[in-house]
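Working through the structure, step by step
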Amino acid sequence: QQPVQSPQAVILREGEDAVINCSSSKALYSVHWYRQKHGEAPVFLMILLKGGEQKGHEKISASFNEKKQQSSLYLTASQLSYSGTYFCGTEIWGSARQLTFGSGTQLTVLP
Amino acid sequence: NAGVTQTPKFQVLKTGQSMTLQCAQDMNHNSMYWYRQDPGMGLRLIYYSASEGTTDKGEVPNGYNVSRLNKREFSLRLESAAPSQTSVYFCASSEAPAEKGHEQYFGPGTRLTVT
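Structure report, in brief. Every value quoted in this text rests on a predicted model; they were computed, and no experiment measured them.

The subject of this paragraph is the overall build of chain A. Helix and strand content of chain A: 0 helices and 11 strands. Moving toward the C terminus, one meets the helices and strands of chain A in the order β-β-β-β-β-β-β-β-β-β-β. Its C-alpha atoms give chain A a radius of gyration of 13 Å, near enough to 13 Å, the size a compact globule of 111 residues would have. By its C-alpha atoms, chain A is 45 × 25 × 20 Å across when sized along the principal axes. Within the span of chain A, comprising 111 residues, buried residues form 47% of the whole. Taking contacts inside chain A between residues at least 6 apart in sequence as the whole, the part at least 24 apart equals 56%.

Our focus in this paragraph is the pattern of salt bridges. Residues and elements named next belong to chain B. Within the structure shown, the criterion is met by 4 salt bridges over all chains. Across the pair Arg 36 and Asp 38 runs a salt bridge whose closest N-O atoms are separated by 3.1 Å. A relative accessible area of 10% means that Asp 38 is categorised as buried.

Right, let's talk about the pairing of strand β9 (residues 87–94) of chain B for a bit. All names here are of chain B. Here β9 lies mainly inside the structure; 8 of its 8 residues are buried. Because side chains alternate across β9, one face comprises the buried residues Ser 87, Tyr 89, Cys 91 and Ser 93, and the other comprises Val 88, Phe 90, Ala 92 and Ser 94, equally buried. As paired strands, strand β4 (residues 31–37) and β9 are joined by 7 bridges and run antiparallel to one another. Note on β9: the bridge partner recorded for Ser 31 is Ser 94. Bridge count for β9 against strand β11 (residues 110–114) is 3 bridges, and the pairing is antiparallel. Of the residues in β11, the one forming a bridge with Tyr 89 is Thr 110. Looking at chain direction, β9 and strand β10 (residues 105–106) are connected through 2 bridges and run antiparallel.

The next subject is the sheet that holds strand β8 (residues 70–75) of chain A. Residue and element names in this part refer to chain A. If you walk across this open sheet you meet the 4 strands as β1-β3-β8-β7, and the pairing is antiparallel. The outermost strands of the open sheet, each flanked by one partner alone, are β1 (4–6) and β7 (61–65). Within the sheet, the average angular offset between the axes of one strand and its neighbour, ignoring direction, is 15°. As judged from the 6 bridges shared by strand β3 (residues 18–23) and β8, these two strands associate in the antiparallel manner. Each residue of the ladder has a partner; that of Ser 23, found in β8, is Gln 70.

Residues and elements named next belong to chain A. Ranked by internal contacts, the top residues of the largest apolar core, which has 22 residues, are Trp 33, Leu 45, Leu 73, Leu 75, Tyr 86 and Leu 107. Going through the elements one at a time, β2 (9–13), β3, β4 (28–36), β5 (43–49), β7, β8, β9 (84–92) and β11 (105–110) are the ones with two or more residues in this core. Ignoring any residue separated from it by four or fewer positions in sequence, one finds Leu 75 in contact with Glu 16, Asp 17, Ala 18, Ile 20, Ile 60, Tyr 82, Tyr 86 and Leu 107.

This part covers the state of the cysteines. Residues and elements named next belong to chain A. The tally for this structure, following the rule as stated, stands at 2 disulfides over all chains. Put simply, Cys 22 and Cys 88 are joined by a disulfide, and their sulfur atoms are 2.1 Å apart. Around the S-S axis, the bridge from Cys 22 to Cys 88 shows a dihedral of about 70° and counts as right-handed. With a gap of 66 residues between them, Cys 22 in strand β3 and Cys 88 in strand β9 connect regions that are remote in the sequence. Taking the relative accessible area as the measure of exposure, Cys 88 reaches 0% and is therefore buried.

This brings us to the packing of aromatic side chains. Tallied over the full model, the rule gives 9 aromatic pairs over all chains. Between the aromatic rings of Tyr 35 of chain B and Phe 106 of chain B, the centroid separation amounts to 5.6 Å while the plane-to-plane angle is 40°, which identifies the pairing as tilted. Taken together, the residues span a long stretch of sequence, with Tyr 35 of chain B in strand β4 and Phe 106 of chain B in strand β10 at a distance of 71 residues. Residue Tyr 35 of chain B is classed as buried on the basis of its relative accessible area, which comes to 0%. The buried category is assigned to Phe 106 of chain B, whose relative accessible area is 11%. Pairing Phe 90 of chain B with Phe 106 of chain B gives two aromatic rings, centres 6.4 Å apart and planes at 85°, and the pair type is edge-to-face. Of this pair, Phe 90 of chain B sits in strand β9 while Phe 106 of chain B sits in strand β10, placing them 16 residues apart in sequence. Among the aromatic residues, those joined into a cluster by ring pairs are Tyr 34, Phe 44 and Phe 101 of chain A together with Tyr 33, Tyr 35, Tyr 48, Phe 90 and Phe 106 of chain B.

Calculation rules
- Residues numbered from 1 in each chain as written.
- Chains lettered and ligands numbered in written order.
- Predicted model: local features only at pLDDT ≥ 70, side-chain atom pairs only at ≥ 80, totals over all residues.
- Heavy atoms only, no water.
- Helix = DSSP H or I, 4+ residues; strand = E, 2+ residues; numbered from the N terminus.
- Rg over C-alpha atoms; globule rule 2.2 N^0.38 Å.
- Buried < 20%, exposed > 50% of the residue type's maximum accessible area, 1.4 Å probe, protein only.
- Contact = heavy atoms within 4.5 Å.
- Salt bridge = Lys/Arg side-chain N within 4 Å of Asp/Glu carboxyl O.
- Pairing = 2+ DSSP bridges.
- Axes fitted to C-alpha atoms, helices over the stretch in contact; angles between N-to-C directions.
- Core = buried A, V, L, I, M, F, W, Y, C linked by side-chain atoms within 4.5 Å.
- Disulfide = S-S within 2.5 Å.
- Phe/Tyr/Trp six-rings, centres within 6.5 Å; stacked < 30°, edge-to-face > 60°.

Next up, the structure:
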């Protein structure tokens, strides 16, 4: 039931764009995105809910394809501060109240 | 406003020893969670408490027990530590359970080594 994230790792130059994907084999109620820097706690980025509602930081954009049970996180004009590991957490429809996290995508932004 | 706090930050145990990890939040959140994070494996839910007075098993509950002491505090106990429990443990809280679409706020983590 663990969602699958891709790619596992990506290296960018400042100013470049990246897309991180998250897919599930189960019908989803919501997808959560978090970023974790080395040695720190995960920090909330965005929630995408079934039905189209989104909550999150203004500078972050994401999509949720309910038919395919897939979500994508879009990082545009990347900055050095974007470096870290990005996790998606999925809430399976009918199995509410808990998130199942993917194994993460490690993003490195170089000057 | 400290958010989510965890104690201790580091701990080394010998196999068979017991210990309790403490977690407290000052955001008046209803739901609290315990996760473990192993290298390259993301976060796995151990136990959660959707509201004060309730606790439920997550994905990997074996070897652990929890207590929701009050609305603020949620503790995790290892009764007989094993090397497989070496991990980083994160506590998190949210205003309501995940089904309501509420983000989780994480504590700084406890780095536990079992020798």
